[in-house]
Amino acid sequence: MAAIETERLSRRFKGGLTAVDAIDLSVEAGEVYGFLGPNGAGKTTTVRMLVTLLRPTGGRAMVAGHDVARDPDAVRRRIGVALQEAALDGLMTGRELVELQATLHGIAPSAVRTRGQDLLERVGLVEAQDRRVATYSGGMKRRLDLALALIHEPAVLFLDEPTTGLDPVSRMTLWEEVRRLKDRGTTVFLTTQYLEEADRLADRLGIISQGRIVAEGTPAALKAEIGHPHLELAFAGDAPDLDAAATVMAAFGPPEVLRELEKVRVPLPDGAASIAAVVRALDEKGLGVAALELVEPTLDDVFAAKTGRHLEGA
Amino acid sequence: MIRASLALARRALRNTARRPQFAAPLLVMPTLFLAANVGGLTRSTALPGFPPVNSFLNFQLAGSMTQALLLGGVSSGIAVALEIEDGFFDRLVISPIPRVAIVLGRLAATAVLAFTQVLYFLLIGTIFGGGPEGGVIGFAAIVAIGVIAGIAFGAIGVTIALRARTVSTVQGIFPLVLVVLFVSSAFFPRGLLEVPARQIAAFNPLSYIADGLRNPIVGSVSAGPVLEGLAAAVGLAAAAIALAVWSLRVRLRAV
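Calculation notes
- Numbering of residues starts from 1 in every chain and runs along the sequence as written.
- Whichever chain is written first is A, and whichever ligand is written first is 1; the rest continue in order.
- Local features in a predicted model are, by the rule used here, given only for residues with pLDDT of at least 70; side-chain atom pairs are given and counted only at 80 or more, and totals for whole chains, interfaces and linings are based on all residues.
- Helix and strand definitions here come from DSSP, where helices need a minimum of 4 consecutive H or I residues and strands a minimum of 2 consecutive E residues; each element is numbered from the N-terminal end.
- Radius of gyration means the value over C-alpha atoms here, while the globule rule gives 2.2 Å times the residue count to the 0.38 power.
- Backbone-placed C-beta atoms define the burial measure: a residue is buried with 20 or more other C-beta atoms within 10 Å of its own, exposed with 12 or fewer, and partly exposed in between.
- Each residue gets a C-beta atom placed from its backbone, and two residues are in contact if those atoms lie within 7 Å.
- Fitting a line to C-alpha atoms yields each axis, with helices limited to the stretch in contact; the angle taken between N-to-C directions then spans 0 to 180 degrees.
- Roughly parallel means an angle under 35 degrees; roughly antiparallel, over 145; roughly perpendicular, 65 to 115; everything else is oblique.
- We call a crossing left-handed when the near helix sits turned anticlockwise from the far one by less than a right angle, and right-handed when that turn is clockwise.
- Residues are grouped as follows: nonpolar covers Ala, Val, Leu, Ile, Met, Phe, Trp, Tyr, Cys and Pro; charged covers Asp, Glu, Lys and Arg; every other residue, Gly included, is treated as polar.
- Think of a nonpolar core as buried Ala, Val, Leu, Ile, Met, Phe, Trp, Tyr and Cys residues chained together by C-beta atoms that fall within 7 Å.
- Whether two strands pair depends on DSSP finding at least two bridges between them.
- Note that the domain bounds reflect an automated or database-derived domain assignment.
- Helices are assigned an expected span. That span is 1.5 Å times one less than the residue count.
- One axis fitted to the seven residues ending at a residue, another fitted to the seven starting there: the angle between these axes is the bend at that residue.

Trainee: Is there a simple way to explain the overall build of chain B in this structure?
Mentor: Helix and strand counts for chain B stand at 11 helices and zero strands. The C-alpha radius of gyration of chain B comes to 18 Å, within 12% of the 18 Å expected for a compact globule of 255 residues. Principal-axis analysis of the C-alpha atoms places the extent of chain B at approximately 60 × 35 × 35 Å. Every one of the 255 residues in chain B was classed for burial, and the buried ones make up 46%. Of all intrachain contacts in chain B linking residues separated by at least 6 positions in sequence, the fraction that spans at least 24 positions is 79%.

Rendered as structure tokens:
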């Protein structure tokens, strides 16, 4: 059974804006599903519907086996949620917040403290547990938010842009925790606008643009779908004959002359295996290669191919 | 639900204590009002028609209590609006607790705060005015009316916060609170108010709450004013809690 399943899930706001437009999703239990899209694409609206914070205006969604509209209480008992803006009470200490969350999730009073300590230890906040949350760094707040989301060992964990605004070290720490969760069999629904994050963490990806899913699959399959690696070559000399080089490289695929960069690009279906042959052919025509780079397709290329715009810097 | 409500009440009280800039005015402002009124208006007890009282301070204490309780209600509303603005409210909504616990937890904290406010003004009265004269029954009546009225004002604050969703709007009701208070018998006997204030005061539940609080302070307990005060507080609390719970449901349905 899928951990998350939606059928034509939609959300239209007053005023006519359709933030989510009939999306179909299926996330298997134990999977890390990356939900990728620029700001305003519909990621957060989708998550808010899946975690019962927002009512769908169309379609249906099942999370952990329960309908989000018909049985929201059952959904809430099975999910953990770390929202985009870590909604933490800055006046409380980390320990107080974790213990409050444990109480709200019905954990037995005798187990509240132990469970809280375990989680604070797991996210590396034991030393800071008696400090008010307002004094925490951004990374510490995210880790505390994660601990709160995990307090009741949820079957499905929603992480809404968990690393936005974090420094690289904090980001890596959170990635490690997501991997550990996956190893324990937790289903993770991860929304992000960071391509690298999606590429490294997600088993499968859904790309959303303007409220619609425009692509779905494993990162490798999505990249393979849009094309092959490209070889970019720069040539020796002050005024290299780019057209002559392009003529030689046409034997390997349709070349593209990048005059401003003084480079020629050619797709290589076999990837690195064909590089030697290309260099040899150019050398035989007296065209010395000064530099070369094998450029793999990126998720940004996938996004651009599917939506006509780039996600990086969006 | 009780466990969740109590946990949320504990948190609300702890946060009130940790936010002195919000907590202090709940006592300081009514105390300053009390000092100013007692300092400048003591001779008004000599006005024809002013009811017999043991001291003007004791007469004013009920008004100051009512004012403090109203401010406590505004403060509860601001706290809920802050939770909505900073997203903590969403965390509560996602939690698998009965929704009504969110309101009840806040009101339980407001009740404790109201109890503290009532005790504080009784202490002021004891130190400077000879103290309440109604004995143990009078004390119990003051506490009951004060705490229930505090819950009522808290529920009104929560209702406004749930409808308005912004701190600035809840803060905006503060001047209105003062207007409603001044067209009651909280600070001056109803019989000495001019028309139309006197007519408005007759329908203003704050008049009955203030008179109910005042009766055991200025003399021995009379059933009439105390029961009227209790009835006004209970009626207002019942209506306001129902409104707060309804507002919560409407808010959650609307999203």
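Now, onward.
Trainee: So what exactly am I meant to see when it comes to the packing of helix α3 (residues 56–86) of chain B against helix α5 (residues 100–129) of chain B here?
Mentor: Each pair of packed helices can be described by the angle between their axes along with the distance between the axes. Residues and elements named next belong to chain B. Interhelical geometry of α3 versus α5 gives an angle of 155 degrees and a closest axis separation of 9 Å. Relative to α5, the element α3 is oriented roughly antiparallel. By crossing handedness, the relation of α3 to α5 is classed as right-handed. Contacts between α3 and α5 pair Leu57, Asn58, Leu61, Ser64, Met65, Ala68, Leu69, Gly72, Ser76 and Val80 from the former with Arg106, Thr110, Leu113, Ala114, Gln117, Val118, Phe121, Gly125, Phe128 and Gly129 from the latter. Its residues assigned to classes, the contact of α3 with α5 comprises 11 nonpolar, eight polar and one charged.

Trainee: Sorry if this is basic, but what is going on with the interface of chain B and chain A here?
Mentor: Often, the extent of an interface is quoted as the loss of accessible area upon association of its parts. Facing 18 residues of chain B, the contacting portion of chain A comprises 20 residues. Counting only elements with at least two residues in the side of chain B that touches chain A, the list comes to α1 (2–18) and α4 (88–94) of chain B. Looking at the side of chain B that touches chain A element by element, the count peaks at six residues for α1(B). Looking at the side of chain B that touches chain A residue by residue, the class counts come to eight nonpolar, three polar and seven charged.

Trainee: Help me understand the packing of α3(B) against helix α8 (residues 174–182) of chain B, please; the structure alone is not making it clear to me.
Mentor: Residue and element names in this part refer to chain B. Here α3 crosses α8 at 155 degrees, and the two axes come no closer than 11 Å. Judged on the interaxial angle alone, α8 and α3 are roughly antiparallel. Remark: the crossing between α3 and α8 carries right-handed chirality. Only Phe174, Val177 and Leu181 of α8 make contact with α3, whose side of the interface consists of Thr66, Gln67, Leu70 and Val74. Each residue belonging to the contact of α3 with α8 can be placed in one class, and the counts come to five nonpolar, two polar and no charged.

Trainee: I'm lost on the nonpolar core in this one. Help?
Mentor: Note that soluble globular proteins tend to have their nonpolar side chains buried in a common cluster. Counting 147 residues, the largest nonpolar core has A:Ala147 and B:Ala152 as its most contacted members. Every residue in contact with A:Ala147, bar those within four places of it in the chain, is listed here: A:Val98, A:Leu119, A:Leu120, A:Arg122, A:Val123 and A:Leu125. Core analysis: the second largest hydrophobic core is formed by 12 residues, A:Leu242, A:Ala245, A:Leu268 and A:Val278 among them.

Trainee: Honestly, the sheet that holds strand β1 (residues 2–12) of chain A in this entry has me stumped. Any pointers?
Mentor: Sheets are built from strands paired through backbone hydrogen bonds, the pairs being either parallel or antiparallel. Residues and elements named next belong to chain A. Pairing within the open sheet is antiparallel, and its four strands lie in the order β2-β1-β4-β5. The open sheet has two edge strands, β2 (18–28) and β5 (66–67), and neither has a second partner. As defined by bridge partners, β1 adjoins β2 across seven bridges and the pair is classed as antiparallel. Paired with arginine 11 across the strands is valine 20, a residue of β2.

Trainee: I keep staring at the environment of A:Leu36 and nothing clicks. Help me out?
Mentor: Residues and elements named next belong to chain A. Position of leucine 36 relative to the elements: it lies in strand β3 (residues 32–36). For leucine 36, a count of 29 C-beta atoms within 10 Å puts it in the buried group. Expressed as a C-alpha distance, the spacing of leucine 36 and alanine 215, which sit 179 residues apart in the sequence, is 9.8 Å. Non-local contacts of leucine 36, meaning those with residues more than four positions away in its chain, are made with Thr192, Ala198, Leu205 and Ile207.

Trainee: Please clarify how the pairing of strand β10 (residues 212–217) of chain A should be interpreted in this entry.
Mentor: One face of the sheet, then the other: side chains in a regular strand alternate in exactly this way. Residues and elements named next belong to chain A. For strand β9 (residues 204–209) and β10, the ladder comprises five bridges, and the chain directions are antiparallel. Across the sheet, residue isoleucine 208 finds its bridge partner in β10, namely isoleucine 213. Taken together, β9 and the strand that follows it, β10, pair antiparallel across an intervening segment of two residues, in which glutamine 210 is found at a positive phi of about 50 degrees.

Trainee: Just checking my understanding: could you explain the domain arrangement of chain A for this structure?
Mentor: Segmentation of chain A into domains returns domain 1 (2–224) and domain 2 (228–296). Between the C-alpha centres of domain 1 of chain A and domain 2 of chain A there is a distance of 45 Å.

Trainee: Teacher, can you tell me more about helix α2 (residues 20–41) of chain B here?
Mentor: In an α-helix, one turn spans 3.6 residues, which is why side chains three or four residues apart end up on the same side. Residue and element names in this part refer to chain B. Over its 22 residues, α2 extends 31 Å from the first C-alpha to the last, a length consistent with the 32 Å expected when each residue adds 1.5 Å. Where α2 bends most, the angle comes to about 35 degrees, and this point is leucine 26, followed within four residues by the proline proline 30. Among all positions in α2, only Leu26, Pro30 and Leu34 are buried.

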